[in-house]
Structure formats: C-alpha cells, structure tokens
Amino acid sequence: MKKLHIVSNRLPFSIVSEDDKFLLKPSVGGLATGMKSVYKDFEGRWIGWPGIATDSYTVDQFKEIEGLLDKEGCDTVPLTADEVHTFYEGFCNRTIWPLFHYFNQYVDYSPEFWESYVEVNQKFADKTLEVVEDGDFVWVHDYQLMLVPGMLKAKRPDITIGFFLHIPFPSYEVFRILPWRNELLGGLLGADLIGFHTYDYERHFLSSVRRLFGYEISFNQIHIDERIILADAFPMGIDYDKFHDSAIKTISRPMQEKSTLHKELEKYFLVSPDRKLILSIDRLDYSKGIPNRLRAFEKFLEKFPEYRTKVTLVMLAVPSRNSVPQYQRLKREVDELVGRINGLYGTVNYAPVWYFYRSMPFENLVELYSMSDVALLTPVRDGMNLVAKEYVASRTNQTGVMIISEMTGVVKEMGEAIVINPNHESQVADAIKQALEMPIDEQRARMSVIQKRLKRYDVFKWAEQFVSSLKRIAQIQTDFLAK
Ligand code: GDG
C-alpha cells in the first residue's frame, strides 16, 4: 500500500517532563486535528521537530524522547539551540514571515539565516528520505519548509509530493524583494501539488513562477519538461462539530459546574442587561492588527459616548515569538494603548478593555466565543484566520456578529459578515456600532448561512480534498508520461 507521510516544522506533540519522566502532550491545533484523520488512514509517519533544542538534554534523554515519539508514528528532526535561533527565529520568523505579510521594513536579510534555512530544510528532507518507499505520498507543510519539496524530488522523483502554505503568498512585486526568491520558488516547484488558502495567493504564486522562471502555465498547471505541477486553493476548515458541541455543553452546564471565567462573565451581564461584549483573540503578532483594533475601539468610545460603560472589549493576546524585537515592541505598544483607553474611559466598576496576555484552555476559549456578542478581527494580513471560523461554529443560537478584515483569507468565505479595512479607524468604529445594533433576525440570517458553509467544508473535508487532488495529479503525471 502507498503511504502518505506528513512533514511539518512542529510535530503534533509537545514534550513535558513530570517526576523525572518525559510525557507527550498532544497538540490540539487545527493542523494536528486535520492531519490525524489523514496519516493514520494511510499508515504514514509524521516527520518534524519536537519543539525542544537538543543541547538542553543529554543524549540518553533525547533518545528516550525520540522513542516515545516513534511509538506515536513520529520521526524526529533534532535541532540545536543555535539552529532554532538562525532557522526558526531567524529566516522563518524574521525574513519570510514579515515579507509574506507585507511588512517589508521588518525583513532581516542576514545570509547566515538563509544558510541555516537551507541546512535545516536539508535535515527535514534527509529524515523524510529515510522513511519514504517507492511511490509513497508526502505532504509538506508551510513556510518553514519551502525547500523540502525540491530536495525530495531531486533524490526521489517517483514519490508524489504535496505542499500547503498556511500564510499568504505575496504579490510578485513583494516576493521579488527577497534575494533568495529563485531558490524558494525552485524548492516549492519540487512539489506536484501546491496548495494555498485562497485563489489570490495561488494567482500571486503563479505570477512569480511565470515572471521569474518563464515556465509555461495553462490555467493552474505548470509544465516543466516532463513534469506537470498543479497549484490550487484549499481553504482550511476547522473541526466544526468540536466547537459547536463544546459550546452547547458550556451553555447548558448548571451554574455550580461553570468555570470561574464563565461566572465572571455572567456577573458582568447581571450589572446591566444591555451590556455587550466584543471579543478579539490572536497570537500577539504584528500581522494581526491589534494596535489598529484598539485605536478603532477607542475611536468608537469617543464617537459614540452612549456606549461608554456598556461595551467591553475582551482581548486575548497569546504570547508569541518573544525573542524577536518587533514582537517585544508590539507588546509594549499594546500595553500602552490598553492603559490609555482604560485610563480615559474606565470607571470604578467598568474597564473598557479586558486584556489577557496569556493562552487559555480550550474550554475558556469556547466560553468566550459563545458569550460574546461581537467578534472583532482586524488583521492587516492573515493567511486564513481560524479564530473567525471557531467563533461562528460556537454560536449555537445563531446570534452574534462577525466584523472581519478584508485582508484575511477567511473573508472569502464570510461575505455575510461586516467586512472592514483594518486601517480605516472610523469605518471600524462605525462597524462596531452597526454590529451592536444589528437586529436579532438579521444576525441569525447572516450567521446561519456562514455556519452551513463552514460545517460542510470542515478540516476533515479540507484534508480529504487535498489528498484526493494529490492522487489525481499522480495519475495525470502517469498518464502524461505514458503518452
Ligand atoms: C497560521 C496562519 C492560518 C488561540 N489562542 C488560544 C488558542 N488559539 C488557537 C485558536 C486557533 C489558533 O490558535 C490560531 O489560528 P489562526 O488561524 O487564527 O492564526 P495563526 O496562529 O497565525 O495560524 C493563519 C493558520 O495558520 C492555519 O492555516 O489560518 O492565517 O497565520 O485555532 O483557537 N487555543 C487555545 N488557547 C488559546 O489561548 N487553546
């Protein structure tokens, strides 16, 4: 049987140590959920980094960790602390991430970051080559591993390789800025199927291929000598039922069994029945547009004073990439803005912004989703934005209003939401008012349409469709060579 292997920067487990023993904690993220449904069915392996630097452990300890992962079907790519710094924090998060999110001014062009990216990608490719057998399928994920498809194809032209990019692919005028643009593109073209969240990203990618390499492209197929490569859009979904069912459970739980957060939220509404909550959840990342969101909320309170003391913005910002200077600066900026707004409009029993700088357990996340009247998501760039989909899935009575940035991938599936330009403060302020005043019938009409769409195309469907396209391209390739 042909197997399907997954290659991603992180394995779907994190390592925890308890009483001198190591334990594996399964990840609950969207990728882990979607891939589990795929790689178990195809008896493949998952190749990736376990999230810890080898230098922090003894050889025996690391062997023990590898052994535990092996039992779970995972093959470990070990990285040293230095590699984590130059590859992951370096080229991935200080070069590709800002460039692909249109933050040109943040891009670090250090050649040592690039060299490390090549070396580490080679490590991932080598580990994968140890695992693959004749005719197998390999699915490589995301911007950390863009060279891996090319490295695999060079050694094993017989395997079928898929690649999925979770972040935007920028327009050619931005992509061309990168000194190593040809190498990255060449790496991607080692894949037989290249997937993006949206058709726009696919179009940007094809335009870069055409302009940098001049290959023949017909519709979404690239022809290179004897090879046919397919580019396509696969908007990633979520585990819809998991969010929906958890929200139902959360709401129907008796008061004494509710979490502290839930009780606090209920108290907030008790003070005055016309109080409203606006929710925002993201990693603390400059692409997520958190400062502009806060400024727009401040504008809203300034423009519509009747809402002061009645509306609270609950803002969960999950710590992320703290070692990168731009993230440290962003943290200071957000702290300052929250302080300013609360200082200006707060009263003894009212804080305009509830700011949590931490991550929360899944249960609390669902409580926030299901108890907030409005979701306000204003990324200045975002490949997809799964939070938006999770909010929708958690609205069990179909009320709630989504305000979503036009710069996200998810907006393409949310035409019924209130769509805003995240840089237009007064437009966002007006959108908040519109959302808060939207009649219940209209909320339900809009929400139920989005819900149906997201339920139909969930993360399992997404994975299934990618894999069936991968099989299809393998067949097209075989037929083409047989002609
Ligand atoms: C990248 C792309 C693309 C957040 N806070 C907590 C928590 N989360 C979970 C959410 C959601 C996930 O993290 C965030 O996903 P996003 O899609 O919103 O954003 P990125 O992390 O930037 O993801 C993005 C995605 O890849 C998939 O392709 O959509 O565009 O940038 O699932 O629920 N989970 C828990 N506690 C938290 O505090 N448990």
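See above for the structure.
Every value quoted in this text rests on a predicted model; they were computed, and no experiment measured them.

1. Regarding the packing of helix α11 (residues 290-303) against helix α15 (residues 425-436)
- Put simply, α11 and α15 touch, their axes get as near as 8 Å, and they point 65° apart. Relative to α15, the crossing made by α11 is right-handed. Contacts between α11 and α15 involve N292, R295, A296, K299, F300 and K303 from the former and E425, S426, V428, A429, I432 and K433 from the latter.
- Broken down by class, the residue content of the contact of α11 with α15 amounts to 5 nonpolar, 2 polar and 5 charged.

2. Some details on the pairing of strand β8 (residues 193-196)
- Burial of β8 is two-sided: the residues L193 and G195 facing one way and the residues I194 and F196 facing the other way are all buried.
- Examined bridge by bridge, β8 and strand β11 (residues 227-233) share 4 bridges and lie parallel to one another. The residue of β11 that forms the bridge with F196 is A233.

3. Comments concerning the sheet that holds strand β7 (residues 160-164)
- Pairing is mixed across the open sheet formed by 9 strands, whose spatial order is β5-β4-β1-β6-β7-β8-β11-β10-β9. Where the open sheet ends on each side, the last strands, each with one partner, are β5 (74-76) and β9 (216-218). With strand direction ignored, the average angle separating the axes of adjacent strands in the sheet is 20°.
- Here 3 bridges tie β9 to strand β10 (residues 221-224), and the two strands are oriented antiparallel to one another. Note that in β10 the partner of E216 across the bridge is H223.

4. Considering the site of the ligand
- The local shell around the ligand holds 20 residues, among which H166, S359, G383, M384 and L386 are the closest.
- Elements with a contribution of two residues or more to the shell around the ligand: β12 (276-283), β13 (311-318), α13 (362-371) and α14 (386-393).
- No other element matches the 3 residues that α14 contributes to the shell around the ligand.
- Tallied by class, the residues present in the shell around the ligand amount to 11 nonpolar, 6 polar and 3 charged.

Conventions adopted
- Residues numbered from 1 in each chain as written.
- Predicted model: local features only at pLDDT ≥ 70, side-chain atom pairs only at ≥ 80, totals over all residues.
- Axes fitted to C-alpha atoms, helices over the stretch in contact; angles between N-to-C directions.
- Helix = DSSP H or I, 4+ residues; strand = E, 2+ residues; numbered from the N terminus.
- Left-handed = near helix turned anticlockwise from the far one by under 90°.
- Contact = placed C-beta atoms within 7 Å.
- Nonpolar A, V, L, I, M, F, W, Y, C, P; charged D, E, K, R; others polar.
- Buried ≥ 20, exposed ≤ 12 C-beta atoms within 10 Å, placed from the backbone.
- Pairing = 2+ DSSP bridges.
- Near = placed C-beta within 6 Å.

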